[in-house]
Amino acid sequence: MAGITGLDYKIMEMAARIKELREIEGLSVREMAERTGVTEEEYLQCESGKTELNFTFLYKAALALGVDVT
């Protein structure tokens, strides 16, 4: 059984923050999927931390949420 790596932990942290900001902004999963250019299923995979978050997704999510990408 493989343990969680430092990178996996950071991905889960970022994913949780994206979800938290989406909920604060009152955006639906559908709206965020459209704004980030992915399907709803792909978006949910990203938001749950089950997939790596590429820079394009992070950048578009930051724009949609009105935050700096860093």
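You'll find the structure just up there.
Cut-offs applied
- Residues numbered from 1 in each chain as written.
- Predicted model: local features only at pLDDT ≥ 70, side-chain atom pairs only at ≥ 80, totals over all residues.
- Heavy atoms only, no water.
- Helix = DSSP H or I, 4+ residues; strand = E, 2+ residues; numbered from the N terminus.
- Contact = heavy atoms within 4.5 Å.
- Phe/Tyr/Trp six-rings, centres within 6.5 Å; stacked < 30°, edge-to-face > 60°.
- Buried < 20%, exposed > 50% of the residue type's maximum accessible area, 1.4 Å probe, protein only.
- Arc of directions from axis to C-beta.
- Polar contact = N/O pair within 3.5 Å; in protein donor to acceptor, adjacent residues only side chain to side chain.
- Axes fitted to C-alpha atoms, helices over the stretch in contact; angles between N-to-C directions.
- Parallel < 35°, antiparallel > 145°, perpendicular 65-115°, else oblique.
- Left-handed = near helix turned anticlockwise from the far one by under 90°.

Visitor: Please provide a residue-by-residue account of the environment of Ala64, values included.
Guide: For Ala64, the position within the fold is in helix H4 (residues 55–65). Linking Ala64 and Met14, residues 50 residues apart in sequence, is a C-alpha distance of 15 Å. Discounting residues that sit within four places of it in the chain, Ala64 has contacts with Leu27, Met32 and Arg35.

Visitor: Can you explain the packing of aromatic side chains? Please cite residues and give values.
Guide: Enumeration over the complete set of coordinates arrives at two aromatic pairs. Arranged with centres 5.8 Å apart and planes meeting at 50 degrees, the rings of Tyr43 and Phe57 form a pair that is tilted. Of this pair, Tyr43 sits in helix H3 (residues 40–47) while Phe57 sits in helix H4, and the two are 14 residues apart along the sequence. The buried category is assigned to Tyr43, whose relative accessible area is 0%.

Visitor: If you had to explain H4 to someone new, which residues and values would you point to?
Guide: For an α-helix the count is 3.6 residues per turn, leaving residues at separations of three or four pointing the same way. All buried positions along H4 are accounted for by Phe57, Leu58, Ala61, Ala62, Ala64 and Leu65. The arc enclosing the buried residues of H4, seen along the axis, measures out at 160 degrees, which places them on a common side. Residues of H4 that are exposed and point over 90 degrees away from its buried face: Phe55 and Leu63. If you follow the buried residues of H4, they end up packed against helix H1 (6–25), helix H2 (29–36) and H3. The N-cap of H4, judged by a side-chain oxygen 3.1 Å from the amide nitrogen of Thr56 a few residues on, is Asn54. At the C-terminal side of H4, Gly66 shows a positive phi close to 70 degrees.

Visitor: Explain the packing of H1 against H4 residue by residue, including any values.
Guide: Axis separation between H1 and H4 bottoms out at 10 Å; the angle between their running directions is 25 degrees. Relative to H4, the element H1 lies roughly parallel. In this structure, the crossing between H1 and H4 has a hand that is left-handed. Within the contact between the two elements, H1 uses Met14, Ile18, Leu21, Arg22 and Glu25 and H4 uses Phe57, Leu58 and Leu65.

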